[in-house]
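As a plain string of letters, each chain reads:
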Amino acid sequence: MKDTNMPGDPIIAVRGLTKTYEGGFQALKGVDLDIRKGEIFALLGPNGAGKTTLINIICGIVTPSEGTVTVGGYDHQKQYREARKLIGLVPQELHTDAFESVWATTNFSRGLFGKAPDPAHIEKVLKDLSLWDKQKARIMMLSGGMKRRVMIAKALSHEPAILFLDEPTAGVDVELRRDMWAMVRKLRESGVTIILTTHYIEEAEQMADRIGVISKGEIILVEEKADLIEKLGKKELRLSLQEPLSAVPPELAEWKLELGQDGHLLTYTFDSQAERTGVPSLMRRLADLNIGFADIETRQSSLEEIFVNLVHDQNAGQNADQTADASLPDGEKDSRP
Amino acid sequence: MNLHSIWAIYRFEMARSVRTLWQSLITPVVSTSLYFVVFGAAIGSRMPPVEGVDYGAFIVPGLIMMTLFTTSIFNASFGIYFPKFTGTIYEVLSAPISFLEIVLAYVGAAATKSVVLGLVILLTASFFVDLDIVHPLWMVAFLVMISAAFSLFGFIIGIWAKGFEQLNMIPMLIVMPLAFLGGAFYSVTMLPAFWQKVALFNPVVYLISGFRWSFYGNGDVPVEISLAAVAIFFGVCLAVTWWIFKTGYRLKS
Ligand SMILES: Nc1ncnc2c1ncn2[C@@H]1O[C@H](COP(=O)(O)OP(=O)(O)O)[C@@H](O)[C@H]1O
Ligand SMILES: [Mg+2]
């Protein structure tokens, strides 16, 4: 999926990227993606979708099968030095040097990325991550959440322009998650581009400027978060009835209403972007039928619902391709989670 | 050349062995001393001098070489295998550093340790036997070159190995026997004519011979051939390492 109205050159440009692992499994099937300078980009996708593979290829840990990646305009293979200097990576797994001290391992990372020693910067990074009082502790003595902070400190030690966070909040406590998002916001303010993957959709919803959805090695959508919610958002109209109904009257069949709460709640799901939402006609029909309601409420679907719908639709499409009987309609009830 | 990166890895590797300094020094010093007690004093006193050199002194270069082979391989293979095992290798793979720089750092650190150890053993030996080194500069040169070559070899083993057992397999099954048969404790000229010819197929013979030449002025083969052998071994290992990074063999998927 291509982006239009891109302001300036993208800081990362991925073109036609594929990856087939040794066993023959194709983890990426032709990915095109542009990341804008200074944005927070959230990559959403179910387990095994290829998020980590994509990140690891950009960072130089996994070799791509086909396609190109440029980072800050530099080819990530031919000009790997320039490209990699720009990147800080916090990988999904907690890989740490158990016997090293927090300070030593952070200082090591800075040197490894070709920067001259700068104890003041290391101190700042460790303080920002509440690691300063642990600077002399050996990493193996730290809790999982603390180790995660150390990984972040290492990634920030060389002042990268781009930060990759691969599932940074998986298995992390509430406090650290809050700290982490505060830090991400601060980094963005200082101009750092941030690409994160997450399972927690509400995080993407809160944090990201743009959202990409990847499923089965394909980017199936890239959108501004606000546009995405609006565009794909289904709205729900919830009517609390004065008198309970035993069933949805046949006169209301065309709206495909759902009845809940022992007949007290009527729910109508509609596409807020559609030309005809069906709401006014529904109201008129209700009045004709003398169905009174005590309260009315509309609700926008969350990103999570959108996401589940998208992935669900893709799966449904693929299953239909595979089965001989491909006549199953993509029924509307299927598009509800 | 990215000196900060090389220095970071080199220092990391050196710090790792400083943490286990006593183990890495005491073990070889004790075992070398045992060799001198057994081979030098107990058996050596009943042996005639070899090529005009006291048997106790004759075995010094071979002993140092044996330790050099095994510790170089061990240090370098462990140095690269361990991050592969724990997963911390991700950071080196994503760093703005070339294959040559990675090799320089890891192999340089392993070789440094071997050279230090070689000198410590030499010092230990000087307590047991009279040492008179004919070509001290060449002696140091061989020490450095052979440490570097075997560290490079160990680096390759570390990348190739899929388990800790495999790290030990090559040194124990191939290098130690070749070193024993390669004249660590005897001169190849002491063998029957037929076995002398067979021995010349053993590359380690050339290395030990060259090192012994730097001590006592004569070896089993001319020193030029020894130098050529070191160069060839080093070149082959370098080519293999280059291929490893080119293809990402067992480093990248
Ligand atoms: N080294 C590998 N060898 C073979 N298959 C792999 C390897 N790494 C990942 N995969 C497969 O590729 C797919 C994508 O994995 P990954 O990129 O880790 O997904 P995600 O991060 O979205 O969960 C998965 O099906 C996974 O099993
Ligand atoms: Mg992943």
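Presented here is a report on the structure given in the accompanying data block. (Residues numbered from 1 in each chain as written. Chains lettered and ligands numbered in written order. Predicted model: local features only at pLDDT ≥ 70, side-chain atom pairs only at ≥ 80, totals over all residues. Heavy atoms only, no water.)

Observations regarding the coordination of the magnesium ion (ligand 2)
All names here are of chain A.
And step 1. Protein coordination of the magnesium ion (ligand 2) is provided by T52 (OG1) and Q92 (OE1), with donor distances spanning 2.0 to 2.1 Å. Pair noted here: T52 is in helix α1 (residues 51-59) and Q92 is in the loop between β6 (87-90) and α3 (102-112), with a separation of 40 residues, a long-range link.
And step 2. Here T52 falls in the partly exposed class, since its relative accessible area comes to 25%. (Donors = N, O, S within 2.8 Å, 3.2 Å for Na, K, Ca; no water. Helix = DSSP H or I, 4+ residues; strand = E, 2+ residues; numbered from the N terminus. Buried < 20%, exposed > 50% of the residue type's maximum accessible area, 1.4 Å probe, protein only.)

Description of the packing of helix α2 (residues 21-43) of chain B against helix α5 (residues 99-128) of chain B
Residue and element names in this part refer to chain B.
And step 1. Running from N to C, α2 and α5 point in directions that differ by 35 degrees, and their axes come no closer than 10 Å. By crossing handedness, the relation of α2 to α5 is classed as right-handed. Contact with α2, carried on its side by S24, L25, P28, V29, T32, S33, F36 and V37, involves L117, V120, I121, T124, A125 and F128 of α5 and no other residues of that element.
And step 2. Taken together, the residues of the contact of α2 with α5 sort by class into 10 nonpolar, 4 polar and no charged. (Axes fitted to C-alpha atoms, helices over the stretch in contact; angles between N-to-C directions. Left-handed = near helix turned anticlockwise from the far one by under 90°. Contact = heavy atoms within 4.5 Å. Nonpolar A, V, L, I, M, F, W, Y, C, P; charged D, E, K, R; others polar.)

Some remarks on the pairing of strand β1 (residues 12-20) of chain A
Residue and element names in this part refer to chain A.
And step 1. As paired strands, β1 and strand β4 (residues 66-71) are joined by 5 bridges and run antiparallel to one another. Each residue of the ladder has a partner; that of V14, found in β4, is V69.
And step 2. Sheet analysis places β1 next to strand β2 (residues 26-35), joined by 7 bridges and oriented antiparallel. Bridge pairing in β2 links I12 to I35.
And step 3. Between the end of β1 and the start of β2, which pair antiparallel, lie 5 residues, with G24 showing a positive phi angle near 100 degrees. (Pairing = 2+ DSSP bridges.)

Notes on the sheet that holds strand β11 (residues 234-241) of chain A
Residue and element names in this part refer to chain A.
And step 1. Taking strand neighbours across the sheet as the criterion, the 4 strands line up as β12-β13-β11-β14 in an open arrangement whose pairing is antiparallel. With one partner strand each, in any of the chains shown, β12 (258-260) and β14 (293-300) form the two edges of the open sheet. Averaged over all pairs of adjacent strands, the angle between their axes in this sheet comes to 25 degrees, without regard to strand direction.
And step 2. Running over the sheet, helix α9 (residues 279-288) touches β11, β13 (265-271) and β14 and is turned about 155 degrees from β13.

Everything listed is a geometric property; what it means functionally is a separate question.
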